[in-house]
Amino acid sequence: MARPRQTIVSLEDTPYYHCCSRVVRKAFLCGIDNSTGENFEHRREWVDSRILELATIFAIDICAYAVMSNHLHE
């Protein structure tokens, strides 16, 4: 059952949260895949814009984020 964020997140206890998302099966999120030689660098801009868009939709502030070849941190 879904719960409202106010019952899950306590800004008084923890004002900052670290989120990490990885790809599966050694897939490449962005950069050059050494095994196939394919360049997926164009995806980095997609991920950047999506992170910023979702931050406005969900009314959160992002202090920093990093998009790497096989995962991202927020």
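Residues numbered from 1 in each chain as written. Predicted model: local features only at pLDDT ≥ 70, side-chain atom pairs only at ≥ 80, totals over all residues. Heavy atoms only, no water.

The name an unreviewed UniProt entry gives the protein is Transposase, with Shewanella inventionis as the organism.

Caption draft 1: Region of interest: the side chain of Asp33. For Asp33, the position within the fold is in the loop between β1 (20-22) and α2 (42-57). For Asp33, which is buried and forms no salt bridge, the nearest opposite charge comes from Arg43, at a distance of 8.3 Å. Apart from residues no more than four positions distant in its own chain, Asp33 is found in contact with Phe28, Glu38 and Phe40. (Helix = DSSP H or I, 4+ residues; strand = E, 2+ residues; numbered from the N terminus. Buried < 20%, exposed > 50% of the residue type's maximum accessible area, 1.4 Å probe, protein only. Lys, Arg positive; Asp, Glu negative; His and termini not counted. Salt bridge = Lys/Arg side-chain N within 4 Å of Asp/Glu carboxyl O. Contact = heavy atoms within 4.5 Å.)

Caption draft 2: Up close: the environment of Tyr65. By the element assignment, Tyr65 lies in the loop between α2 and β2 (66-67). Spatially, the C-alpha atom of Tyr65 lies 8.8 Å from that of Ile51, the residues being 14 residues apart in sequence. Residues in contact with Tyr65, not counting those within four places in the same chain, are Asp48, Ile51, Leu52, His73 and Glu74.

Caption draft 3: Region of the structure containing a nonpolar patch on the surface. A cluster of nonpolar side chains, contributed by Ile8, Val9, Leu11 and Tyr17, occupies part of the molecular surface with about 390 Å² of accessible area. As for its position among the elements, Tyr17 is in the loop between α1 (5-8) and β1. (Patch = residues over 30% accessible without salt bridge, like charges linked within 9 Å, V, L, I, M, F, W, Y side chains within 5 Å. Areas by Shrake-Rupley, 256 points an atom, 1.4 Å probe, with all protein chains shown as cover.)

Caption draft 4: Inspection of the side chain of His71 at higher detail. Mapping His71 onto the fold places it in strand β3 (residues 71-73). The class of His71 is buried, set by a relative accessible area of 12%. Among the polar contacts listed, one links the side chain of His71 to the side chain of Asn70, at a separation of 2.7 Å. Setting aside anything within four residues of it in sequence, one finds His71 in contact with Cys20, Ser21, Arg22, Leu29 and Ala66. (Polar contact = N/O pair within 3.5 Å; in protein donor to acceptor, adjacent residues only side chain to side chain.)

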